[in-house]
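Report on the structure
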Amino acid sequence: MRWWLVAASLWLLVVLTVSNAQARNRPRNQDGEIRRGKRKRDGQGPGRTRTGRSRPLKIRLVPGPSIPVEPGENQGNAPFLDSYKNLQEHHSSYNVIPDPDLSLDLSGDSPVPNDPGEPVTPLTQEEIQRILWREEEEHREEEERLRKKDEARKKRRKQRKEQADKQRKIVEEKRRKEEEALRLQVEREEEEWRRHVEEEERRRQEEKRRRQEEDDRRRKEAADIEAREKERKLEEERWRQEEMLREELLALVEEEEEEEIEEEVWLRGDVFEMPHKELEEPEEPDLLPAPIPRPPAATEDELKEMEAEEEEEEEEEEEEEREVVIIENRRGIPPGCDISDVTLTCDNAKLTYFPPLSIPELKSLSLEGNDISSIPAEAFNGIPNLEWINLKKNKFTSAGIDAKAFKGLKMLRRLYLDGNLLEAVPAGLPPTLQELKISENRLITIDENSFQDLSSLVILELEGNLLSEGNVDPLAFAPLIELSYLRLGKNHFRTIPQGLPISLLELYLENNLIEEISEAVFNQTHSLNVVSLRHNRLDETRIAPLAWINHRNLESIDLSHNDLYLVPSYLPRSLIHLVLVGNNIERIPGYVFAHMDPGIEYLYLSYNRLDGEAIEPESFFGSYQSMVELCLDNNQLVSVPSGINEMTNLHFLRLNNNNIRSIPDEGICDPNHSGDSTLVAVRLESNYIDPQKISPSAFSCVRSSSSVVLKPQKTK
């Protein structure tokens, strides 16, 4: 730093010297003053910087005595004092004096011209220090200004870069959104086009099917007409043959009469000779030819009378048939229907409208497999005593069934509406209804009033619709105080619907999307006996511990084809029948059946992932006295599970299709058991067992050796 100060001082010295020489050579005015350009006012002249601060004072060094500097003074300005000392060392014979053209205002104001007549006063040490400090301060301010300017420039450059990046990101996001929108639009158009193509294909198929049906109908009608024509021709041929036979018979009768006359003439003599024979009847074989039977002594008039009677009888029969047809037409029975006693069946009769029937005594009506789409209000006026109506597989819609259509049926017990296009439960169903089936329709909602007044309903089937827990009102089943049997399979339930009837005995929810069983869902159904949840998405962690453990009537549960990895805990205490086929069960926890009373009897664990470590010694604890059927087939067991030999009431055991390699002597039968044998059948085929290595006592508890199936076995 000192060398820099020395260099700066030398430079200032040179500048001041040159400036002084130039000032001496300047021309003076009339008053002897040096000519100077007109200075700008307000701090804009050459004596001011651009920012209005004073310019550095030009100084020069002149000979003079050196001024000692007392130690301790201005210790904070050590660098400047050092540089001043250097100046003294190099120029000890000079003093620093100001430029004669300018005077220094130490208060910070601008320099002003000196009076030429005034003597030149050399600068003091403090003034020189102040000048140096001011130069250093201005230098630092300039550096700070440059640094700030550079920082501002960098900041502006960074801001421009950030703005450009932001703009680029906005453009890229906009382009991405446009591409996504374009992709979605393309996919939507493709989906619409595919749907349009499918609709066209379906329409063509429907048109083709309709044309095929029309062709079949026409062919059938043509075949019927041809058959009727053929039958008519056969009937005419038969009449002609009968007429010919009748004429031949008449001719034969005439010939026989002539022969009789001749014989009578020939026999008169005998009569005369034997008058006692006149009263005797002639023997029939002597008078008539044997091959041709004929009525005795029938005349032509009698034959004509007989033919007339036969014609009258035929006419009467035809009249009766016509009367039956007229009666049937008067009752409204369409073609293709069969009536038997009090049952009318019109299945697959190609009906497109509801027939206007008038049969008050009718009890059962079946219109299955037709194309009927509506039921008018007066449809059942002529058949008010119906007890059973089958309307399956038609084209009924909710809008096509009049709200008053079923009002007059005071004795209706069963109503089947499966396989139609209904979107809601029909209104106005009679309160006497006990069985209602609306499966395979398009039901999308069940509200609070769907089953209003159906307090006698016992069986309700709503499978194969579009129902879920979101569109079934929790109060929908409240009026069904007698409901015992409910089927809701093949819908879209994710949870078991709320508000199940208290009287419910059997609940079927197969083929849904059920993922959990909440704690309160079975709180009201204390009489529930059977629950089927096949083909859902349940796992053991989504079954609440208190969901059904305290039920005393729930005896049968089917959880086949779910996502179970363990046999669920907290099963009902009253459980007897448990089906867990087709899961991913890898383990049977210990004591999982211990709390059941009287104990589980039927356990089906086929088609799971049970292996050698899946069954613990305590897995079947609590079922040793109750187990009747145990199915562990189609798993990965490597040995006979422990505990089977303790099941004293076991009848059927299935261990086939596993990886079992040997049968221990005490694996299936307990040699210490002294009671009667209960095991009826054992299946062990499709394992790796060598029958030659099985001990004879291994199946001592099986009633018949023929009941043990060991073949075939897998090859090693």
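This section reports on the structure supplied with the text.

Here is what the cut-offs are and how they apply
- Residues numbered from 1 in each chain as written.
- Predicted model: local features only at pLDDT ≥ 70, side-chain atom pairs only at ≥ 80, totals over all residues.
- Heavy atoms only, no water.
- Helix = DSSP H or I, 4+ residues; strand = E, 2+ residues; numbered from the N terminus.
- Buried < 20%, exposed > 50% of the residue type's maximum accessible area, 1.4 Å probe, protein only.
- Contact = heavy atoms within 4.5 Å.
- Areas by Shrake-Rupley, 256 points an atom, 1.4 Å probe, with all protein chains shown as cover.
- Core = buried A, V, L, I, M, F, W, Y, C linked by side-chain atoms within 4.5 Å.
- Patch = residues over 30% accessible without salt bridge, like charges linked within 9 Å, V, L, I, M, F, W, Y side chains within 5 Å.
- Salt bridge = Lys/Arg side-chain N within 4 Å of Asp/Glu carboxyl O.
- Lys, Arg positive; Asp, Glu negative; His and termini not counted.
- Charge placed at Lys NZ, Arg CZ, Asp CG, Glu CD.
- Phe/Tyr/Trp six-rings, centres within 6.5 Å; stacked < 30°, edge-to-face > 60°.
- Lys NZ or Arg CZ within 6 Å of the ring centre and 35° of its normal.
- Disulfide = S-S within 2.5 Å.
- Polar contact = N/O pair within 3.5 Å; in protein donor to acceptor, adjacent residues only side chain to side chain.

1. Comments concerning the overall build of the protein chain
A count of helices and strands for the protein chain gives five helices and 21 strands. Expressed as a percentage of the 716 residues in the protein chain, the buried residues total 34%. Expressed as a percentage of contacts within the protein chain between residues at least 6 apart in sequence, the contacts between residues at least 24 apart total 56%. With the model as given, the accessible surface of the protein chain reaches about 44000 Å², and the carbon-plus-sulfur share is 50%.

2. A closer look at the nonpolar core
By size, the foremost hydrophobic cluster in this structure holds 113 residues, and its most contacted members are Phe380, Phe593 and Phe620. In this view, Phe380 contacts Phe354, Leu365, Ile375, Leu386, Ile389, Ala405, Phe406 and Leu409; residues no more than four positions away in its chain are not counted.

3. Structural notes on unusual backbone geometry
For the bond running from Asp597 to Pro598, omega is 15 degrees, close enough to zero to count as cis. The topology assignment puts Pro598 in the loop between β16 (577-579) and β17 (602-604). Pro712 follows Lys711 through a cis peptide bond whose omega is 0 degrees. You will see that Lys490, though not glycine, has its phi angle at about 60 degrees, which is positive.

4. Some details on a negative patch on the surface
Where like charges cluster on the molecular surface, the negative patch consists of Glu646, Asp665, Glu666 and Asp670. Residue position: Glu646 is located in the loop between β18 (629-631) and β19 (652-654). Using a relative accessible area of 41% as the deciding quantity, one classes Glu646 as partly exposed.

5. Observations concerning the packing of aromatic side chains
Counted by the stated rule, this structure contains eight aromatic pairs. Between Tyr485 and Tyr508, the aromatic rings sit 5.3 Å apart at their centres with planes inclined by 45 degrees, giving tilted as the arrangement. Taken as a pair, Tyr485 in strand β12 (residues 485-487) and Tyr508 in strand β13 (residues 506-508) lie far apart in primary sequence, 23 residues in all. The exposure class assigned to Tyr508 is buried, which follows from its relative accessible area of 15%. By the ring-pair criterion, three or more aromatic residues cluster together here, those being Phe354, Phe380 and Phe406. In this structure, Arg487 is placed above the aromatic ring of Tyr508, and the distance from its NZ or CZ to the ring centre is 4.3 Å. Over the face of the ring belonging to Tyr688 we find Arg661, whose NZ or CZ atom lies 4.5 Å from the ring centre.

6. Points about the state of the cysteines
Going through the model one piece at a time under the given rule, you end up with two disulfides. With its sulfur 2.0 Å from that of its partner, Cys337 forms a disulfide with Cys346. Its S-S torsion of about 120 degrees marks the bond between Cys337 and Cys346 as right-handed, since a negative value means left-handed. The pair Cys337 / Cys346 is uniform in exposure class, with both members buried. Shown here is the disulfide that connects Cys669 with Cys701, its sulfur atoms set 1.9 Å apart. In this structure the cystine formed by Cys669 and Cys701 twists about its S-S bond by roughly -70 degrees; its chirality is therefore left-handed.

7. Quick notes on the side chain of Asn441
Looking at the element boundaries, Asn441 is found in the loop between β10 (435-437) and β11 (459-461). We classify Asn441 as buried; its relative accessible area is 7%. At a separation of 3.0 Å, a polar atom in the side chain of Asn441 contacts the main-chain amide nitrogen of Leu422. Separated by 3.5 Å, the side chain of Asn441 and the backbone oxygen of Ile438 make a polar contact. Apart from residues lying up to four places away in sequence, Asn441 is in contact with Leu417, Asp418, Gly419, Asn420, Leu421, Leu422, Gly464 and Asn465.

Don't take any of this as a statement about function, it's just geometry.
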